[in-house]
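# Examining the three-dimensional arrangement
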Amino acid sequence: MPPDPRQPGHAPTPPPPVLAAVAEAAARDAGGLDPDLLGDFLDAVWTAVLARRRLPAHRTARYRALGERAAGNGVALRALLDLYLSAAWRLWRLLPPVAAATDGTRATDGAPVDAGAVVDAGEVLLRASDDAVAALTEGYQLARRQLVRREESARREFVDDLLTGSSDLPGLLHRAQRYGLDLAAPHAVTVVRAGTPYTEGSTLLAGLERRLQGSAADADPLVATKDGALVVVFAAPDRDAVRDVLDRVRTVLGPPATTGWRAGVGRPGAGAGAVVQSYEQARRALDLAHRLDWSDPVADTADLVVHDVLLRDRTAARDLVRTLLDPLRDVRGGPEPYLATVEAYLAAGGNATETARRLHLSVRAVTYRLSRLRDLTGADPADASGRFALQAAVLAARALGWPDDDT
């Protein structure tokens, strides 16, 4: 004989089609989620309410696992919570009324309903829902953190492989698409350093990435950090695209005096190998700009091509500097005043008066230095060949850090 649902301990259970209908309706409320994400939530809450007890630990553990599953499937947490809460309030409509009896029996049709018992039932329903949602959220957030850590690790590995070169070129090209990079098209790299090292997760990186979206480039930029520097890999189909990206970088970084930032830019090129070359060029440009005390905070490799040529054979560059400029070591005040005079004189187009104005000296002092320079080095700044030799030597000296760094 089947058990009497009116007896204590025998709570009436709705037929499966009814619970399935509640799950489907709740799934629609949540934007069309899979109702299977509810697991046994409806049956567990029904039993908990009629038995006046909280959800057991083994039940809540299931919802923690369902939260992890939802996170792995990319379900939004808001939609997931909506699914469970919608299921709870829809289930409340189906719960049988509770009679005024005190012996534990349930109300039958027409029996009076105890308002206090209804409140108790509602409290159990809310508490059971709260326990389930808390476990669900915990599992979801833990899974999301793990996913984020894995994603950060994968992104860090990709950046390192991209900038240092990877032997798995097909794999690198495939991974690049995940980050919005089409390496078959020309790309360039800019490297930025400041007084304080840049770190991953900085709001500056996120702000720069947003600012670069929709620039003249053909694809999304990759903004990352490496060795304390800020690195931007961006599509560079033409010079206008490069200028546009650099303008946006300047806007986000603000005045260089604030953080002391400087940037180097490499040449554009197609392919993963070109990105590595552009990155190395950007780093060299940044180093050269620092040595040369470059006036512009952004040093473009194209503007430093002469210095780059000089330093390709560092031995020859050192020989040029030592042969032509070493006599300046012994003069009073050292070589620097003479190097500065040559630079200003050449920048002024060989005009001694303009050179004096730029250096805040008298014309006589300038002409004296130029004469003394000719006597010491054997190169005449007023002569075309001497002027070229002195310019090359001074450029090499600045790039090599001479005379402070004479290695």
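Residues numbered from 1 in each chain as written. Predicted model: local features only at pLDDT ≥ 70, side-chain atom pairs only at ≥ 80, totals over all residues. Heavy atoms only, no water.

### Remarks on the overall build of the protein
Put simply, the rule is: Helix and strand definitions here come from DSSP, where helices need a minimum of 4 consecutive H or I residues and strands a minimum of 2 consecutive E residues; each element is numbered from the N-terminal end. Note on exposure labels: buried denotes an accessible area under 20% of the residue type's maximum, exposed denotes more than 50%, and partly exposed covers the range between, all computed with a 1.4 Å probe on protein chains only. Throughout, a residue-residue contact means that at least one pair of heavy atoms, one from each residue, lies within 4.5 Å. Here the Shrake-Rupley method, with its probe set to 1.4 Å, supplies the accessible areas, and only the displayed protein chains count as covering residues.
When helices and strands are tallied, the protein shows 16 helices and six strands. A buried classification covers 41% of the 407 residues belonging to the protein. Within the protein, contacts between residues separated by at least 24 positions form 69% of all contacts whose residues are at least 6 apart in sequence. Taken as a whole, the protein presents about 21000 Å² of accessible surface, with 52% of it coming from carbon and sulfur.

### Observations concerning the layout of surface pockets
Where we set the bar: Only protein atoms enter the 1 Å grid used here, on which a cavity is any set of points holding a 1.4 Å probe that cannot leave and a pocket is any open set flanked by protein within 12 Å on both sides along at least five of seven lines; residues with an atom within 4 Å of a point are listed as lining. Grid points are joined across faces, edges and corners, and a volume is the space filled by probe spheres set on the points. Nonpolar residues are Ala, Val, Leu, Ile, Met, Phe, Trp, Tyr, Cys and Pro. Charged residues are Asp, Glu, Lys and Arg, and all others, Gly as well, are polar.
Taken as a whole, the largest pocket spans an internal volume of roughly 600 Å³. Every residue lining the largest pocket is counted, 22 residues in all, and those nearest its centre are Leu292, Glu343, Val394, Leu395 and Arg398. At the level of secondary structure, the elements contributing two or more residues to the lining of the largest pocket comprise helix H10 (272-292), helix H11 (305-312), helix H13 (336-347) and helix H16 (384-400). Classifying every residue of the lining of the largest pocket by side-chain character gives twelve nonpolar, three polar and seven charged. What the second largest pocket holds in volume is close to 250 Å³.

### Regarding H13
Stated precisely, the cut-off is as follows: To estimate the expected span of a helix, subtract one from its residue number and multiply by 1.5 Å.
Spanning twelve residues, H13 covers 16 Å between terminal C-alpha atoms, matching the ideal 16 Å at 1.5 Å per step. Along H13, the positions that sit buried rather than exposed are Tyr338, Leu339, Thr341, Val342, Ala344 and Tyr345. Summarising the contacts, the buried residues of H13 are in contact with helix H12 (314-325), helix H14 (352-359), helix H15 (363-377) and H16. Of the residues trailing H13, Gly349 is marked for its positive phi of about 70 degrees.

### Details of empty space enclosed by the protein
Under the defined criterion, the tally for this structure stands at one cavity of 30 Å³ or more. By volume, the largest cavity amounts to about 50 Å³. No other element matches the four residues that H10 contributes to the lining of the largest cavity. In terms of residue class, the lining of the largest cavity is built from three nonpolar, two polar and two charged.

### Some points on the nonpolar core
What counts here: Think of a nonpolar core as a cluster: buried Ala, Val, Leu, Ile, Met, Phe, Trp, Tyr and Cys residues, connected wherever their side-chain atoms sit within 4.5 Å.
Within the largest apolar cluster, 41 residues are counted, with the highest numbers of intra-cluster contacts made by Phe41, Leu42, Tyr63, Leu80, Leu83 and Tyr84. Of all the secondary-structure elements, those providing two or more residues to this core are helix H1 (16-29), helix H2 (41-51), helix H3 (57-72), helix H4 (77-92) and helix H5 (115-164). The biggest single contributor to this core is H5, with ten residues. If sequence neighbours within four positions are ignored, Tyr63 has contacts with Leu38, Asp40, Phe41, Ala44, Leu55, Tyr84, Ala132, Ala135 and Leu136. One finds Leu310, Leu325, Leu339 and Leu373 within the second-largest nonpolar core, a separate group that totals 27 residues.

### With respect to the pairing of strand E2 (residues 222-226)
Where we set the bar: A pair of strands is considered paired only if DSSP assigns at least 2 bridges between the two.
Counted residue by residue, E2 has five buried out of five residues, so it is predominantly covered. Here E2 shows two buried faces, one formed by Leu222, Ala224 and Lys226 and the other by Val223 and Thr225. Direction of pairing for E2 relative to strand E3 (residues 229-235): antiparallel, over a ladder of five bridges. Bridging from a neighbouring strand, Lys226 pairs with Ala229 of E3. Hairpin connection, E2 to E3: the antiparallel pair is bridged by two residues, and Asp227 has positive phi, about 55 degrees.

### Quick look at the packing of H2 against H5
Keep this limit in mind: In this analysis, axes come from line fits to C-alpha atoms, helices being fitted only over the stretch in contact, and the angle between any two N-to-C directions falls in the range 0 to 180 degrees. Crossings are classed by handedness, with left-handed meaning an anticlockwise turn of the near helix from the far one by less than a right angle and right-handed meaning a clockwise turn.
Running from N to C, H2 and H5 point in directions that differ by 145 degrees, and their axes come no closer than 9 Å. Here H2 and H5 pass one another in a crossing that is right-handed. Only Ala121, Val124, Leu125, Ala128, Ser129 and Ala132 of H5 make contact with H2, whose side of the interface consists of Phe41, Val45, Ala48 and Val49. The residue makeup of the contact of H2 with H5, split by class, is nine nonpolar, one polar and no charged.

### A look at the side chain of Asp300
Take Asp300: it is sitting in strand E6 (residues 298-300). Look at Asp300 and you get buried, because its relative accessible area is 7%. Not counting the four nearest positions on each side in its chain, Asp300 is found in contact with Arg239 and Val265.

### Re the confidence of the model for the protein
This is how it is decided: pLDDT runs from 0 to 100 and stands for how confident the predictor is about each residue.
The predicted model of the protein averages 83 in pLDDT, with 89% of residues at 70 or higher. Low pLDDT, under 50, characterises residues 1-11; the stretch is placed with twelve contacts to residues that sit more than four places away or in other chains. Residue range residues 98-108 is modelled with pLDDT below 50. Its contacts to residues more than four positions away, or to other chains, number 26 contacts.

### Some details on H14
Spelled out, the test is: The directions considered for the arc run from the helix axis to the C-beta atoms.
By the burial criterion, the buried members of H14 are Ala352, Thr355 and Ala356. Looking straight down H14, one finds that the buried residues subtend no more than 100 degrees of arc, so they occupy a single side. Pointing more than 90 degrees away from the buried face of H14 are the exposed residues Thr353 and Arg357. Taken together, the buried residues of H14 touch H13 and H15. Where H14 terminates, the next one or two residues include His360, which has phi positive at roughly 60 degrees.

### Some points on the side chain of Thr225
One can find Thr225 in strand E2. Residue classification places Thr225 among the buried residues on the basis of a relative accessible area of 7%. With residues up to four places along the chain from it excluded, the contact list for Thr225 reads Arg156, Tyr198, Thr199, Glu200 and Leu205.

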